[in-house]
Amino acid sequence: MKDVFGLIYTSDESDMRLRDLTRSRSIAAMPIGGRYRVIDVLLSNLVHSGVSNVGLITQRNYHSLMDHLESGKAWDLNRKRDGLFILPPYVTRSSTGSYSGLLDAIRSNLNYVRRASQRYALISGSSTVFNMKFDDMMAQHLATGADITILYNVPADDESNGDADRTHLKMDESGRVVDIEVTPHLNTYPNVSMDVYIMDKALLTYLVEVSAAHYRSDFVRDVLIKQLGELKIYGYKYDGYVSRIDSIASYYKLNMDMLDESIRTPLLYRPNPVYTKVKDEVPARYEAGAKAVNCLVADGCHIFGNANHSVIFREVDLDEDTQVESSVLMQGSKVGARSQLRYVILDKNVTVKPDTRLQGTPEHPLYISKGVTV
């Protein structure tokens, strides 16, 4: 794995479906689990795998992400050689500063790819949350002599159908991919790509340059599908927990899933702990009569009321006689006395006035935008 560099593309078509959640931040910068961001899990996966050279391609709404990452010190990526490289968009003769897809994004950052001393590239999107080391995937890539290896899983439910952007894979007995479906209304194959690919850097450079010469920008449609016969493409199955953030409902479900210890522990703590930027705060304070049952409560909170089955980020205030159930309260939110919240997502710095009742449903949580007073 020391001969592998990571390349994370933080822009995603899911941004449009997440609406206000990604108005001022990318999916990679979205807060999860009370104290983490999505990018923390992706970077920790690479670092635990022994990857020390990581490029982060950004496109829009990336200021929050850059503020969180800083020099990469929290992930041991502030190095003299290699380390974390944030690659924001810029305008040149060959780049407009706005990417039409993964291929276009990599083409605009080919200088970084060419400078990388490692032979292999591990390319990842930013909307899939999972915890794994890539050693075994890399070992399979070498053993099969694959040109490209795709990480995939088999969802336990029917989440792969519908309007969400999914890539379904069909493989033969040896594990080689023989057919690909993109966003089918009714999928034929249960295997769903996790948008993680391993390939040789020289092959990546060649594919990007050929695609640019033919005005192609979509990696799956313009490269994988059109060259299934020419390229040896294999799949590697991942059996752990996977969450795809492509809607407000899926973001809500991920946070609620983290309240389950059987999911939270392998996803965030053991055996591969997720690293994040540490912000020193005073411990959460619980006043007399306050109660928090089955909740994740971050530092700096001030709890007077009651919370049940909820994720509460830093510096959240719950006043007297508040009732918060199955909700996600982001940093700096204030909930007034006697208010009731159920199936609600409060973005950062939302103020809920006293005696207010807000309610959504598990399938359609009520979302309140950043900085709003209700």
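Residues numbered from 1 in each chain as written. Predicted model: local features only at pLDDT ≥ 70, side-chain atom pairs only at ≥ 80, totals over all residues. Heavy atoms only, no water.

A. Structural view of the environment of N255. Inspection of the secondary structure puts N255 in helix α9 (residues 248-257). Placed twelve residues apart in sequence, N255 and S243 show a C-alpha to C-alpha distance of 10.0 Å. Apart from the residues lying within four places of it in its own chain, the contact partners of N255 are P31, I32, G33, V311, F313 and V328. Here the side chain of N255 touches G33 through a polar contact of 3.0 Å, landing on its backbone nitrogen. (Helix = DSSP H or I, 4+ residues; strand = E, 2+ residues; numbered from the N terminus. Contact = heavy atoms within 4.5 Å. Polar contact = N/O pair within 3.5 Å; in protein donor to acceptor, adjacent residues only side chain to side chain.)

B. How the structure looks around the sheet that holds strand β25 (residues 344-346). Ordered in space as β16-β19-β22-β25-β28, the five strands form an open sheet in which the pairing is parallel. The open sheet has two edge strands, β16 (296-297) and β28 (366-368), and neither has a second partner. In this sheet, β28 lies alongside β25 in parallel orientation, the contact comprising three bridges. Directly across from L346, in β28, lies its bridge partner I368. (Pairing = 2+ DSSP bridges.)

C. Geometry of the pairing of strand β4 (residues 53-57). Among the five residues that make up β4, five are buried, leaving the element largely enclosed by the rest of the structure. Of the two faces of β4, both are covered, the one formed by N53, G55 and I57 as well as the one formed by V54 and L56. For strand β1 (residues 4-9) and β4, the ladder comprises four bridges, and the chain directions are parallel. Residue Y9 lies in a different strand from β4, and its bridge partner there is I57. Pairing geometry for β4 and strand β5 (residues 83-87), over five bridges, is parallel. Among the inter-strand pairings, V54 is bridged to a residue of β5, identified as L84. Note that the unit made of β4, helix α3 (residues 63-69) and β5 has a crossover that is right-handed. (Buried < 20%, exposed > 50% of the residue type's maximum accessible area, 1.4 Å probe, protein only. Right-handed = clockwise from strand over helix to strand, strands pointing away.)

D. Inspection of the nonpolar core at higher detail. Counting 36 residues, the largest nonpolar core has I106, I123, I148, Y197, M199, F219 and L224 as the members making the most contacts within it. In this structure, I148 is in contact with H141, Y197, I198, M199, L203, L207, F219, L224, L231, K232, I233 and Y234, ignoring residues within four places of it in sequence. Among the nonpolar cores identified, the runner-up in size contains 30 residues, and I39, F130, V196 and V242 belong to it. (Core = buried A, V, L, I, M, F, W, Y, C linked by side-chain atoms within 4.5 Å.)

E. Focus on the packing of aromatic side chains. All told, the structure shown has five aromatic pairs when counted by the stated rule. When the centroid spacing of 5.9 Å and the interplanar angle of 85 degrees are considered together, the rings of F5 and Y112 count as edge-to-face. Pair noted here: F5 is in strand β1 and Y112 is in helix α5 (residues 110-115), with a separation of 107 residues, a long-range link. Through successive ring pairs, a cluster of aromatic residues spans F5, F85 and Y112. Directly above the aromatic system of Y36 lies the positively charged group of R35, at a separation of 5.0 Å from the ring centroid. (Phe/Tyr/Trp six-rings, centres within 6.5 Å; stacked < 30°, edge-to-face > 60°. Lys NZ or Arg CZ within 6 Å of the ring centre and 35° of its normal.)

F. Seen up close, helix α6 (residues 135-144). Of the positions making up α6, those classed as buried are M137, M138 and H141. Taken end-on, α6 shows its buried residues confined to a sector of 100 degrees, consistent with a single buried face. What points out from α6, more than 90 degrees from its buried face, is the exposed set D136 and A143. Elements in contact with the buried residues of α6: β1, β6 (120-124), β8 (148-153), β11 (191-200) and β12 (233-237). Positive backbone phi, approximately 65 degrees, marks G145, located one or two places after α6. (Arc of directions from axis to C-beta.)

G. Local environment of the environment of D200. Within the secondary structure, D200 sits in strand β11. Considering only alpha carbons, one finds D200 and Y120, 80 residues apart in sequence, at a separation of 4.5 Å. Other than its neighbours up to four places away in sequence, D200 contacts R119, Y120 and D147. Here R119 takes part through its side chain, which lies 2.9 Å from a polar atom of the side chain of D200.

H. Structural context of the environment of S333. Mapped onto the elements, S333 comes out in the loop between β22 (328-329) and β23 (334-335). Overall, S333 belongs to the buried group, its relative accessible area being 0%. In this structure the C-alpha to C-alpha distance between S333 and V51, which are 282 residues apart in sequence, comes to 37 Å. Those residues in contact with S333 that sit more than four places away from it in its chain are E315, V316, D317, L346, D347, N349 and V350. One polar contact links the side chain of S333 to the main-chain carbonyl oxygen of M330, over a distance of 2.9 Å.

I. Representation of the sheet that holds β23. Pairing is parallel in the open sheet, where five strands are placed in the order β14-β17-β20-β23-β26. One side of each edge strand has no neighbouring strand; the edge strands of this open sheet are β14 (285-286) and β26 (351-352). Relative to β23, strand β20 (residues 317-318) runs parallel, the two sharing two bridges. Note on β23: the bridge partner recorded for D317 is K334.

J. Main features of the pattern of salt bridges. All told, the structure shown has 16 salt bridges when counted by the stated rule. One salt bridge in this structure joins E209 and R114, with 2.4 Å as the shortest N-O distance. Taken together, the residues E209 in helix α7 (residues 201-213) and R114 in helix α5 connect sequence positions 95 residues apart. Under the relative-accessibility criterion, R114 is labelled partly exposed at 45%. Note that R314 and E315 form a salt bridge whose closest N and O atoms lie 3.9 Å from each other. The network of salt bridges with shared partners includes E281, R314 and E315. (Salt bridge = Lys/Arg side-chain N within 4 Å of Asp/Glu carboxyl O.)

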